[in-house]
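# Remarks on the overall topology
If you want the building blocks of each chain, they are given just below.
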Amino acid sequence: MIALSKEEEEKSLALHKKSVYVDTHCDTIMAWMPPPELTWVWLPKLPDEMLKSLKDIKRRSLSERSEAGHLDLPRMVEGGVDCQVFAVYVSPLYHTAPLKRALQMIDAFYSELNKNSDKIALCTGFADILRTHSEGKISALLSIEGGEPLDGDLGVLRMLYKLGVRLLTLTHSPRNRLGDGCGEEGSKGGLTTFGAQVIEEMNKLGMIVDVSHLNERGFWDVIKITKSPIIASHSNARALCDHTRNLTDDQIKALAESDGVIGVTFVRRFLGKDVDTVTVNNVLDHIDHIVKLVGVDHVGIGSDYDGIDQAPKGLEDVTKVPNITRGLVYRGYSNDDIEKILGANFLRVFRKILG
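Not measured: the values here are computed from a predicted model.

## Side note on the pairing of strand S5 (residues 165–169)
- Extensive coverage of S5 is indicated by the burial of five of its five residues.
- Of the pairings in the sheet, the one linking strand S4 (residues 138–145) to S5 comprises four bridges and is parallel in character. Pairing of Ile144 across the sheet is with Leu168, part of S5.
- Handedness of the crossover is the feature at issue here: the chain leaves S4, passes through helix H6 (residues 154–162), returns alongside S5, and the resulting connection is right-handed.
- Pairing geometry for S5 and strand S6 (residues 208–210), over three bridges, is parallel. Each residue of the ladder has a partner; that of Leu168, found in S6, is Val209.

## Some words on the confidence of the model for the chain
- With 94% of its residues at a pLDDT of 70 or more, the chain shows a mean pLDDT of 94.
- Considering each helix and strand of the chain separately, the mean pLDDT is smallest for helix H2 (residues 48–56), with a value of 60, and largest for strand S9 (residues 299–301), with 99.
- Low pLDDT, under 50, characterises residues 39–44; the stretch is placed with six contacts to residues that sit more than four places away or in other chains.

## Looking at the pattern of salt bridges
- Counted under the stated rule, the structure contains 20 salt bridges.
- Residue Asp180 pairs with Arg175 through a salt bridge whose shortest N-O separation is 2.7 Å.
- Across the salt bridge formed by Lys340 and Asp297, the nearest N and O atoms sit 2.8 Å from each other. In this pair, Lys340 is assigned in helix H12 (residues 335–354) and Asp297 in the loop between helix H10 (280–294) and S9, connecting sequence segments 43 residues apart.

## Quick word on unusual backbone geometry
- Even without a glycine there, the phi angle at His213 is positive, about 80°.
- When you line up the elements, His213 lands in the loop between S6 and helix H8 (216–225).
- Judged by its relative accessible area of 7%, His213 is buried.
- Positive phi values are uncommon outside glycine, yet Asp259 reaches one of about 70°.
- Residue placement: Asp259 occurs in the loop between helix H9 (249–257) and strand S8 (261–264).

## A closer look at the packing of aromatic side chains
- A full pass over the atoms with the stated rule returns six aromatic pairs.
- Residues Phe109 and Tyr110 carry aromatic rings whose centres are separated by 5.9 Å and whose planes lie at 85° to one another, so their mutual orientation is edge-to-face.
- Exposure remark for Phe109: the relative accessible area of 0% places this residue in the buried category.
- On the basis of relative accessibility, which here comes to 28%, the residue Tyr110 falls in the partly exposed class.
- On the basis of an interplanar angle of 75° and a centroid distance of 5.3 Å, the ring pair of Phe266 and Tyr305 is categorised as edge-to-face. Note that Phe266 is positioned in the loop between S8 and H10 and Tyr305 in the loop between S9 and helix H11 (322–330), a separation of 39 residues in sequence.

What counts as what
Residues numbered from 1 in each chain as written. Predicted model: local features only at pLDDT ≥ 70, side-chain atom pairs only at ≥ 80, totals over all residues. Heavy atoms only, no water. Buried < 20%, exposed > 50% of the residue type's maximum accessible area, 1.4 Å probe, protein only. Helix = DSSP H or I, 4+ residues; strand = E, 2+ residues; numbered from the N terminus. Pairing = 2+ DSSP bridges. Right-handed = clockwise from strand over helix to strand, strands pointing away. pLDDT = per-residue confidence, 0-100. Contact = heavy atoms within 4.5 Å. Salt bridge = Lys/Arg side-chain N within 4 Å of Asp/Glu carboxyl O. Phe/Tyr/Trp six-rings, centres within 6.5 Å; stacked < 30°, edge-to-face > 60°.

Okay, here's the thing in structure tokens:
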């Protein structure tokens with residue numbers, strides 16, 4: 001798919017090794033959890049795609065190389081990952097007690113990191129990321145995907161911060177107490193009063209506001225309220241793929257004006273209409289579009305590994321992410337610009353917000 005000369009191959013390999021590769025979204029924590037009880041009581045309530053993803057999760061550990069899923073430590077090392085954001089996603093199955101489920105997932109996250117403390121470490125500030133990188137370890141950041149675990153209480157947000165959570169994706173696709181997700185576009189509703197309070201509290205705490213999954217009205221509400229840069233941890237350009245999970249050009253411009261970053265994601269249906277033909281080149285096309293629109297300082301990578309059923313050709317799992325670097329070299333990006341896209345842009349936001 002990407003044919004490089006010998007000189008270009010050597011350049012891309014050296015660049016990937018030199019760069020600090022940051023991925024702002026994966027759902028791998030779900031693979032460390034016991035399988036859910038699939039019963040008739042809740043089965044009809046879940047979308048077919050979500051139900052399939054829950055059934056198809058292959059339980060595995062962080063430490064052992066696996067053929068299942070997309071990401072584990074041996075494959076992260078092979079792929080040159082330096083900083084990974086791990087998401088806590090509470091599926092609708094657990095919405096009767098979302099905080100409990102989130103705490104169980106955070107417990108699993110800590111357990112896996114403790115077992116592999118020689119290779120990976122939790123980072124809650126920018127200095128932690130620098131130190132961990134200097135020690136040759138992978139930096140792990142913790143996010144909550146969807147505000148359901150807050151249960152309408154800012155005190156819970158503050159306690160999750162104390163547990164190490166540094167990013168919050170405000171909604172998943174449905175509506176919650178913070179606002180309407182992208183699945184609620186028809187409602188014309190945005191952030192709730194509580195959602196606005198959450199943004200203000202996150203600004204005070206030093207947490208990163210993530211607008212992926214939020215509907216467009218909610219996005220513009222965030223822009224009006226936040227005093228810190230925002231990110232879209234795993235979204236693409238709607239101009240190239242008209243999906244409600246992607247951002248319009250105007251949204252991308254506003255995100256860039258906040259000094260934020262959009263993490264281009266590998267979800268095939270967010271990359272192109274014909275999912276069976278989607279490849280790494282589609283990912284590069286979305287990067288190209290964002291760079292042309294707002295400049296190279298506002299785009300990065302947010303794979304959504306282990307949250308997708310099948311990754312694009314050329315990005316089948318985390319060992320293949322050097323193909324992004326190869327593609328950027330092929331398309332003529334400078335060394336400095338490639339380093340920005342691979343991670344330096346997100347590191348700038350981390351430094352500004354996390355301290």
